[in-house]
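# Survey of secondary and tertiary structure
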2 protein chains.
Amino acid sequence: MTYRALDEHSVVEYIKSRPKIWGTIFDTDAELDVKEVGDGNLNLVFIITNRKNPEQSVVLKQALPYLRVAGESWPLTRERMRYETKALLKHNELAPGLVPEVYDYDFDMSLVIMEDLSDLVIMRKALVARQKLPHFVDHISTFLARTLFFTSDLYLKGMEKKRMMAEFINEELRKLQEDFVYTNPYMESPENNWNPLVDDEVQAVRSDAALKLEIAEMKNAYMNHTEALIHADLHTGSIMVDAERTKVIDPEFAFFGPIAYDVGAVLQNLVLNYLSHYGHTPDPEERHEYQEYVLDMVRGVWNEFARKFEEIWVENNRGELVPTPYWDFPGGEEAFAEYRRRFIHRLLQETAGHGGVKFLRRMMGIVSVWDITSIEDPRKRAVAERAAIRIGKRWIMERKDVESIEDLINIVREESIPAEKELEEIMSNE
Amino acid sequence: MTYRALDEHSVVEYIKSRPKIWGTIFDTDAELDVKEVGDGNLNLVFIITNRKNPEQSVVLKQALPYLRVAGESWPLTRERMRYETKALLKHNELAPGLVPEVYDYDFDMSLVIMEDLSDLVIMRKALVARQKLPHFVDHISTFLARTLFFTSDLYLKGMEKKRMMAEFINEELRKLQEDFVYTNPYMESPENNWNPLVDDEVQAVRSDAALKLEIAEMKNAYMNHTEALIHADLHTGSIMVDAERTKVIDPEFAFFGPIAYDVGAVLQNLVLNYLSHYGHTPDPEERHEYQEYVLDMVRGVWNEFARKFEEIWVENNRGELVPTPYWDFPGGEEAFAEYRRRFIHRLLQETAGHGGVKFLRRMMGIVSVWDITSIEDPRKRAVAERAAIRIGKRWIMERKDVESIEDLINIVREESIPAEKELEEIMSNE
């Protein structure tokens, strides 16, 4: 079938033509309601429901053809939907229940049909509303440990991994992240955006030679370290939650990159949410209580990720990086344990590096995060932003001395002290 | 055309069917002499000459179909000739004159037709014969700097590089190197070979936990750091020379890997040759003089590589890793200079690491090098081998403290002292 963009009418006919959906997900006498909820730019997103039985519903996501983001310079083809679909299938295989189930897909039409998650909310909203998510740490650490371990050289055979790498070249979306995360925010570039109240801090980053040398090192790792199939856009806007469930969505950026990039994305987005409560939660007690809850999640996500990653490794050392017979010598068991310790310790240091860069890019690049932009008062917003810049810089510059997640949490706590003072000052003038 | 293996008769018909060869390289009235000089295993290699004008000659190299090396475990398809051809074409583009010129190729037939270099000798032979090669340092440093720089993110655009990476997956030959360089030599594996006189040293390596942790780190870099299109088998058996010319051949292992792997291969093979003269050159004065000459080459190759790499970088900073505007701030020029210094310094440290591993693998893995195996007296051979193991281990373990090439040369000198003593003892008993 040749590609055509669907609309609210043609999507019904399309659904009826798909045997994996019609007569399977939907009864053949279903009457379909269609709602388009996409952003109207990159993708169409239809929620399709049987009005005779609203339990029967699907989401159909279709990429719009060739388009440009950020002006003229960054073209994107609808090839991205092929990557998203392939990554969703892989995630369903490795972390079932933690991603939307895929019912059907069509590469020619650049679309995927999947589980309707519209009863969940985007995690940012839940966090800004100070909701408790008692299963999030367990769920996301399982998602991270399993999707990253089982696509790394610790599990895949050398040739399997290279063939899978050939399936995830994804050069267009990689370039977007390379530019927008690691380069453009730190130099003059027309798409950059920042709060004028933090202009001094932004300009200081852009002329901080020592910092930019380290960012360039992290960029080299992002571009070249093909450790595992990473989600590559795992912020809290790509996670849907309720009190019971966690679903990771939108893996169109997926490629073989550094494991720590995904872990860093989760931790850094949690800390950005922590900081956003300087704007969202004026009552100090309420704020501190939830901020501590968020820091517990940061600690939990890292510690549980590290624990599960190692546990899965010990049980599934099938890969060829360090095969079991390599450790077959007196003291070899201890050496293998030490290798795992060093490997995971390196991941923590790189998590600090990539996470640190992502703090900065959100403060001065093309897109911020809703947690921060939804703070109405620009002065309170600046309190969070200045702290984010300080924390990001320190996570990057101090990463090689990081010994445990407590070191990263302590940086957050230390940089919260000036933030509290700034906020007090603003509040006392209100 | 479907694949068929050529023989000395059918190759003549084949040559006459190729317009890029027949009437171009060869006159149409040429009378062809054919000589098959391949190893009879992996590839057929025909030297084809016009007996009426011996200036007219070509080499035709054809991969034999699917075969297994080292017993049953490592299958290879003739896909490898596609990689060799694509790499030869890229090398001709980037380092013309330093590789055999490609006249024609045929992916279906898994063959390439190229410049006849049979008037040159394999570099190992020249070095064992203590020949001087006054242009080698200049030539190989140019080859390294140009082929590696222009296929890295310092020159290629992000999307260009990812698309080129997709062309060089080369999963079969990469697995061979992953196993045979970084893993199997250091554990029990049936294809391993070593001189029984160095059995103690070999067993000590295999149970040296600290060393094996570092080798595993280098293996991770080899498997995952996609910096540039590397030759990946750049030993002195892949280099043909005479007093004037240097030609790098046999790039069938080429893939996107660590830059330092190629540099390390050259330096380590030079040092192995240095050590081989404990067997080949009994006269101490003659030996020391040539060993110093070899060390001068080691120094020259690194220093000229580093100088040219940086010079090309400054003149061609077209890539997207650190684009020029990234350095547009007060002090940015110095920061960029510092970035280049750190980048190249890291390459030196990794050169020590990969080179160090390659010393060890040649002493206890599937293949040694002719420089060493051609030493008839196993005791003298062991003198060289023990020194190679000591040097390899120190290059690996001390790599993170390496500041300049002199540090690596000093390790060679220090480990030559016990070698000299061992040799004296053997000679005094003769």
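Rules used throughout
Residues numbered from 1 in each chain as written. Chains lettered and ligands numbered in written order. Predicted model: local features only at pLDDT ≥ 70, side-chain atom pairs only at ≥ 80, totals over all residues. Heavy atoms only, no water. Helix = DSSP H or I, 4+ residues; strand = E, 2+ residues; numbered from the N terminus. Rg over C-alpha atoms; globule rule 2.2 N^0.38 Å. Buried < 20%, exposed > 50% of the residue type's maximum accessible area, 1.4 Å probe, protein only. Contact = heavy atoms within 4.5 Å. Areas by Shrake-Rupley, 256 points an atom, 1.4 Å probe, with all protein chains shown as cover. Lys, Arg positive; Asp, Glu negative; His and termini not counted. Charge placed at Lys NZ, Arg CZ, Asp CG, Glu CD. Pairing = 2+ DSSP bridges. Axes fitted to C-alpha atoms, helices over the stretch in contact; angles between N-to-C directions. Parallel < 35°, antiparallel > 145°, perpendicular 65-115°, else oblique. Left-handed = near helix turned anticlockwise from the far one by under 90°. Domains from an automatic or database assignment. Buried area = accessible area lost by both parts, 1.4 Å probe. Salt bridge = Lys/Arg side-chain N within 4 Å of Asp/Glu carboxyl O. Polar contact = N/O pair within 3.5 Å; in protein donor to acceptor, adjacent residues only side chain to side chain. Nonpolar A, V, L, I, M, F, W, Y, C, P; charged D, E, K, R; others polar. Core = buried A, V, L, I, M, F, W, Y, C linked by side-chain atoms within 4.5 Å.

## Digging into the overall build of chain A
Each helix and strand in chain A was counted, giving 14 helices and twelve strands. Taking 22 Å as the expected radius of gyration for a compact globule of 430 residues, we find that chain A reaches 22 Å, a close match to that expectation. Dimensions of chain A, computed from the C-alpha atoms along their principal axes, are close to 70 × 60 × 40 Å. Put simply, chain A has 430 residues, and 63% of those count as buried. Within chain A, contacts between residues separated by at least 24 positions form 73% of all contacts whose residues are at least 6 apart in sequence. Carbon and sulfur atoms form 50% of the exposed surface of chain A, whose accessible area is close to 15900 Å². Across chain A, the 53 positively charged side chains and the 76 negatively charged ones have centroids separated by 3 Å.

## Considering the pairing of strand S7 (residues 111–115) of chain A
Residue and element names in this part refer to chain A. Of all five residues in S7, five are buried, a share of seventy percent or more. Pairing analysis gives five bridges linking strand S3 (residues 53–63) to S7, with the strands arranged antiparallel. Bridge pairing links Lys-61 to Val-112 in S7. Where strand S6 (residues 102–106) folds back on S7, the antiparallel hairpin that results is connected by four residues, among which Ser-110 adopts a positive phi of roughly 55°.

## Side note on the packing of helix H8 (residues 209–224) of chain A against helix H13 (residues 378–397) of chain A
Residue and element names in this part refer to chain A. Closest axis-to-axis distance for the H8/H13 pair is 10 Å, and the angle between their directions is 65°. Between H8 and H13, the crossing angle belongs to the class labelled roughly perpendicular. Handedness of the crossing formed by H8 with H13: left-handed. Between H8 and H13, the residues in contact are Ala-210, Leu-211, Glu-214 and Ile-215 and Lys-393, Ile-396 and Met-397, respectively.

## Focus on the domain arrangement of chain A
Residues and elements named next belong to chain A. Parsing chain A into structural domains produces domain 1 (10–115) and domain 2 (121–428). For domain 1 versus domain 2, the distance between C-alpha centres works out to 28 Å. With both sides pooled, the region where domain 1 packs onto domain 2 buries about 2300 Å², and carbon together with sulfur makes up 66% of that total. Joining domain 1 to domain 2, the criterion identifies three salt bridges. Where Lys-86 meets Glu-167, a salt bridge forms, and the shortest distance between an N and an O atom there is 3.2 Å. Counting across the domain 1 and domain 2 interface gives eight residue pairs in polar contact (both at pLDDT 80 or more). Elements supplying a minimum of two residues to the side of domain 1 that touches domain 2: strand S5 (74–76) and helix H2 (79–94). At nine residues, H2 tops the list of elements feeding residues into the side of domain 1 that touches domain 2. Residue composition of the side of domain 1 that touches domain 2, grouped by class: 13 nonpolar, three polar and six charged.

## Some remarks on the nonpolar core
Note on soluble globular proteins: their nonpolar side chains tend to be buried together. Core analysis: the biggest nonpolar cluster contains 220 residues, and Phe309(A) and Phe309(B) have the highest contact counts within it. With near-sequence residues (within four places) excluded, Phe309(B) lies in contact with Ala145(B), Leu148(B), Phe149(B), Leu154(B), Ile259(B), Phe343(B), Ile344(B) and Leu347(B). Grouped together as the second largest cluster of nonpolar side chains are 22 residues, Ala30(A), Leu32(A), Val58(A) and Leu64(A) included.

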